[in-house]
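So you can see what is in the structure, the chains are spelled out below.
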Amino acid sequence: MGGGILILFKHKDLLGLKDITAAEINFLLDTAVPMKEIISRPIKKVPTLRGRTVVNLFYENSTRTRGSFELAAKHLSADSINISSSSSSVAKGESLYDTARTIQSLGADVVILRHPMAGAAQLLAGTVEAAVINAGDGAHEHPTQALLDLFTVRERRGEIAGLRVLIVGDILHSRVARSDIWGFTKMGAEVRVCGPPTLVPPGLEETGARVYYNLEEALVDVDVVIMLRIQKERQQQGLFPGLREYARLYGLNRERLALARKDALVMHPGPVNRGVEIASDIADGPAAVIEEQVTNGVAVRMALLYLLTGGGDRHENDY
Amino acid sequence: MPNLKEKARIIDKDGIRRALTRIAHEIIERNKGTEDLVLIGIRRRGVPLARRLAEKIRAIEGSRVPVGILDITLYRDDLSTLSHQPVVRQTEVNFPIKGKKVILVDDVLFTGRTIRAALDAVIDLGRPRNIQLAALIDRGHRELPIRADYVGKNVPTSRRESVAVHLEETDGVDEVVIMEKT
Amino acid sequence: MKMIIRGGRVLDPASGRDETADVYIRDGLVSGPFKADKTTRVIDASGKIVAPGLVDMHVHLREPGYEAKETIATGAAAAVRGGFTGVACMPNTDPVADNRFIIEFIKKRAAEADMVNVYPVGAVTKGSRGGEMAELADMRDAGAVAFSDDGWPVMDAGVMRRALQYCKMLGAVIISHCEDKNLAAGGVMHEGYYSTILGLKGIPASAEEVMVARDIILAAETGCPVHIAHVSTAGSVALVREAKKKGLPVTAEAAPHHFTLTDRAVAEYNTAAKVNPPLRGEADVQAVREGLADGTVEVIATDHAPHTVEEKNVEFDLAPFGLVGLETAVGLVWTELVHTGILTPLQAVAKLSLHPARLLGIDRGTLAEGGAADITVIDPELEETVDPQHFAGKGRNTPFAGRKLKGLPVMTIVAGKVKYER
Ligand SMILES: [Zn+2]
């Protein structure tokens, strides 16, 4: 069609949602729709990335995220190599920079990095030619988790703009919270965060989010509740007194959920501490879309792999 | 992108209508009716063509033939050579393919690569009894051993030329024009 | 060897002198006027500033122990290229400069380099571990000019109090890097909006301020002078201002990066901007500038802290703190403080020469006749873009690469000898 090529997603890497636009997020989510259709087929495989190599470089254990990325690569017929901290020279003290050089010489097309330190994905992206997907770097960002959250909400609600989204828990250490704040804010939702003051970092208001310390107040009229996982080690660090008190103040139960809108969705990046973050009847109830998030995660990651191995031009030619 | 200039209008609205009517008759004749027949249009302009064929078949035979939509983007063999990949859209084939006679429908048959991708895509959806191909225009220059079972019009062209099919549903007008690089 | 520096703007803060004049050098000393003969080198300094040799009272020369980062010789080369004729080096070497032998070793190395005056700072506690007091008197006799556990601040207030009592007897100043380790708690940058969005652990302003307040209280009690190193927060500046108003023996220094950059420089995980104390917020930078302007902060020191490229090219959390400052300090002072009217040239020179020299008790920082001819000539109009590849020191870890500076040293004279000339 006349008018040439309209570039809709042009990034070498996906390091976070802070640096991409609402239009790009929308395009990513649009691309995930046909990907989800592929997952629903009996033969869940297309030949798109045949001959392409995807390296899963995981410095932290994450069965869920890694499994989701592996499946996404498989559905697109890419070859995957797994390098994890237990099997690679990571354990021998090889630096990320050295590992990056090795990956460069392997000729990988995409590297998926999970790392305990913020900024690691950016460091890697600056070192390798391959596209880098940040699968979580320290407390910085976890963009694919936020994308699947956005996809899930958009699929359920049709539109994200105008919704009220509440994120509850350990905001301080949560990369999911940061990516969700950027993502939902960019898409026009009102974002609230809630947690104990010791787990809410300063300056959050500057991102556009509203901060609450009282869960009941925060829940009023929200459309989406994202509950974050609380880690017991934060108790040892003196950031909160214990899981029992945490659950009493910040656990989501039936009475509290009633404060939200009737059709509110309950989400969780998993794995859920039942009875702590979310009461069992809520986790298994109709409001929870936690299982759906898992399926959508694969679709979103397929879309991302596809777009990062070439981009996404509106491109109609003589083919 | 090179600039293209319209060189000649080779088929008009009536021409397209007549060609589709003839193809519809040929499909019914060749398949001895419409039993187990399904139509699958290849995005984009194969889709309205498939719908029109289904409509004509219904008018002739009185039976409804299901129409599906195929997006072949993820099956293209040139993805690794393109600097940017095309937009993926959804495949919508909401009926089983297994054991069916599938009529693939596209606007222009050219190198054959689109059809090669479409064959893979269809087979990934299930195992059909057979696959047949209907194209409004066959402009030659095949790069693969693929031929159409039903052709609206053979249009010999040079490589410098391109054939543009415009349809009401997508372009607001029914016509086929030959474009030339300027 | 005779030299005449002709027609420059002579600034001598010790006497308040600010006039166009000639400066005469004979036998390594500033002398009275003499007639030029053919052995006299005559330097035209018209349009330039002629100042007492600059003294940086806070540098890390890394030798012994970390020669890959810097050596006394390369650090000295960086110093003279930056316009400094003297540097006071911090004791966090390996081994730590906590005894006479290391102090003597540093002095010996400096003499071999024969480039710049090196004034060693001794550790306050053995190994800078914050426990047992080091042999302060012994080190003082060997040439240590001050004491500090910079980098590993003395957390135990009791230890700090006894060290101050002891230093009062010696007449030496303690330079305190103010950082409460429990409040800093493994932080890697200033705590605020940027640490939040980058997901990096923050160091709150209170980590510095709590310790500044503690040291002021201890200085008041013991009567021993405390010099607050590299103040970085508005709260610290306010505390020092209050203390000075009360006449307490408290002084403070600021580093060029703390009056120039905010924590925004860390965005993109730039490890060259990872420094301790961290780059703070806009209001803090403003407060440091005000502190410099009103005399609360009377010293400018660089906290020159070279590291290798490999050490800095890692995850932000793993990168060492510190940036190199010797070769950009004068340019930053002129660009950010003098050309902006925050400091007069005379005030700027005082903070870079006379004040640190007085604090350390060394007979430098003046152009008075009979004194050592340590002289720095500065061209206030000369412009240059910072290119770390041109640094004389080993470190390339500067957050100022690519920044345009106006006002640069063009000649550094140590004891009557030209050690650097542009
Ligand atoms: Zn320090």
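Scoring rules and cut-offs
Residue positions are counted from 1 within each chain, in the order its sequence is given. Whichever chain is written first is A, and whichever ligand is written first is 1; the rest continue in order. Restriction of local features to residues with pLDDT of at least 70 applies here, the model being predicted, together with a cutoff of 80 or more for giving and counting side-chain atom pairs; totals for whole chains, interfaces and linings are based on all residues. Only hydrogens and water are removed before side-chain values are computed, so all heavy atoms of the structure are retained for them. Here a Phe, Tyr or Trp ring, Trp counted by its six-membered ring, pairs with any other such ring whose centre lies within 6.5 Å, and the pair is stacked when the planes are under 30 degrees apart, edge-to-face when over 60, and tilted otherwise. Secondary structure elements are defined from DSSP: runs of H or I of at least 4 residues count as helices, runs of E of at least 2 residues count as strands, and each element is numbered from the N terminus. Burial here depends on accessible area, computed with a 1.4 Å probe over protein chains only, as a share of the maximum for the residue type. Under 20% is buried, over 50% is exposed, and the range in between is partly exposed. Listed donors are limited to N, O and S atoms within 2.8 Å of the metal, widened to 3.2 Å for Na, K and Ca; water is not among them, so incomplete-looking sites are possible. Throughout the structure description, domain borders are defined by an automatic or database domain assignment. Whether two residues touch is decided by their heavy atoms; if any such pair falls within 4.5 Å, the residues are in contact. A simple way to read buried area is as the amount of 1.4 Å-probe accessible surface that goes missing from two parts once joined, with both sides added. UniProt positions are given in the numbering used here, feature names are shortened, and annotations may be inferred rather than shown by experiment. Pairs of N or O atoms within 3.5 Å make up the polar contacts considered here, provided that, within protein, one atom can donate a hydrogen while the other can accept it, and that residues adjacent in sequence are counted only when both atoms are side-chain atoms. To estimate the expected span of a helix, subtract one from its residue number and multiply by 1.5 Å. Strands are labelled as partners when DSSP assigns at least two bridges between them. Working convention: axes come from line fits to C-alpha atoms, limited for helices to the stretch in contact. Angles between N-to-C directions cover 0 to 180 degrees.

**Q** I tried to follow the packing of aromatic side chains on my own but got confused; where do I start?
**A** Two descriptors summarise a pair of aromatic rings, namely the distance from one centre to the other and the angle between the planes of the rings. Residue and element names in this part refer to chain C. Scanning the model with the defined rule gives 4 aromatic pairs over all chains in all. Ring geometry for tyrosine 24 versus phenylalanine 34: centroids 5.1 Å apart, planes at 65 degrees, classification edge-to-face. With a gap of 10 residues between them, tyrosine 24 in strand β2 (residues 17-26) and phenylalanine 34 in the loop between β3 (29-31) and β4 (40-44) connect regions that are remote in the sequence. When sorted by exposure, tyrosine 24 lands in the same class as phenylalanine 34, which is buried.

**Q** Got a minute to help me understand the coordination of the zinc ion in this structure?
**A** Six octahedral donors at a metal ideally form angles of 90 or 180 degrees, and four tetrahedral donors ideally form angles of 109.5 degrees. Residue and element names in this part refer to chain C. Around the zinc ion, the protein contributes the donor atoms Asp150 (OD), His177 (ND1) and His230 (NE2), at 1.9 to 2.3 Å from the metal centre. Of note, the zinc ion draws all its donor residues from one chain, in the sequence arrangement D-x26-H-x52-H. A residue pair is termed long-range when its members are at least 10 positions apart, and histidine 177 in the loop between β10 (174-176) and α5 (181-184) and histidine 230 in the loop between β13 (226-228) and α8 (234-245) qualify at 53 residues. Both residues of the pair, histidine 177 and histidine 230, count as buried.

**Q** Could you clarify how one ought to interpret the domain arrangement of chain C in this entry?
**A** The accessible area lost on association of the parts is a frequent measure of interface size. Residues and elements named next belong to chain C. Here chain C is described as being made up of domain 1 (2-49 + 372-421) and domain 2 (53-360). Here domain 1 and domain 2 have C-alpha centroids that lie 25 Å from each other. Each side of the interface is counted separately: domain 1 has 39 residues, and domain 2 has 47 residues. Taken together, the two surfaces of domain 1 and domain 2 that pack against each other cover about 3,400 Å², and 66% of this comes from carbon and sulfur. Considering only the side of domain 1, the residues that lose the most area to domain 2 are Lys394, Asn397 and Phe400, jointly responsible for 20% of the buried surface there.

**Q** Can you walk me through helix α12 (residues 329-338) of chain C in this structure?
**A** Three or four residues apart is the spacing at which side chains of an α-helix point the same way, because the helix has 3.6 residues per turn. Among the 10 residues in α12 of chain C, 10 count as buried, and that is most of the element. All of the buried residues in α12 of chain C are Ala329, Val330, Gly331, Leu332, Val333, Trp334, Thr335, Glu336, Leu337 and Val338 of chain C.

**Q** I keep staring at the side chain of threonine 308 of chain C and nothing clicks. Help me out?
**A** Residue and element names in this part refer to chain C. Here threonine 308 shows up in the loop between β15 (299-300) and α11 (309-312). Residue threonine 308 is classed as buried on the basis of its relative accessible area, which comes to 16%. Excluding residues within four positions of it along the chain, threonine 308 makes contact with Ala68 and Lys69.

**Q** What is the right way to read the UniProt feature "active site" (unreviewed entry) in chain C from this model?
**A** All names here are of chain C. This chain's UniProt record puts "active site" (unreviewed entry) on Asp303. Position of aspartate 303 among the secondary structure elements: in the loop between β15 and α11. Aspartate 303 sits in the buried class, given a relative accessible area of 7%. Within polar-contact distance, the side chain of aspartate 303 engages the side chain of histidine 60 at 3.0 Å.

**Q** Which parts of the structure should I look at to understand the environment of proline 356 of chain C?
**A** Residues and elements named next belong to chain C. Tracing the sequence through the fold places proline 356 in helix α14 (residues 354-360). When its relative accessible area of 0% is taken as the criterion, proline 356 is described as buried. The sequence separation of proline 356 and histidine 58 amounts to 298 residues, and the corresponding C-alpha distance is 9.6 Å. Here proline 356 is in contact with Val55, Met57, Val299, Ala350 and Lys351, once residues within four sequence places are set aside.

**Q** How do you make sense of helix α10 (residues 282-293) of chain C when you look at a structure like this?
**A** Residues and elements named next belong to chain C. Here α10 is 12 residues long and its end C-alpha atoms lie 17 Å apart, about the 16 Å a rise of 1.5 Å per residue gives. Considered for burial, the residues of α10 that qualify are Asp284, Val285, Ala287, Val288, Arg289, Gly291 and Leu292. Just past α10, the residue glycine 295 takes up positive phi, approximately 90 degrees.

**Q** Sorry if this is basic, but what is going on with the sheet that holds strand β8 (residues 175-181) of chain B here?
**A** Sheet strands associate in pairs through backbone hydrogen bonding, adopting either a parallel or an antiparallel arrangement. All names here are of chain B. In spatial order, the strands read β1-β8-β7; together these 3 strands make up an open sheet with antiparallel pairing. A strand with exactly one partner marks an edge of an open sheet, and here the two such strands are β1 (4-11) and β7 (161-166). The sheet shows a mean angle of 30 degrees between the axes of neighbouring strands, taken without regard to direction. Both β7 and β8 contribute to a ladder of 6 bridges, which runs antiparallel. The residue of β8 that forms the bridge with glutamate 161 is glutamate 180.

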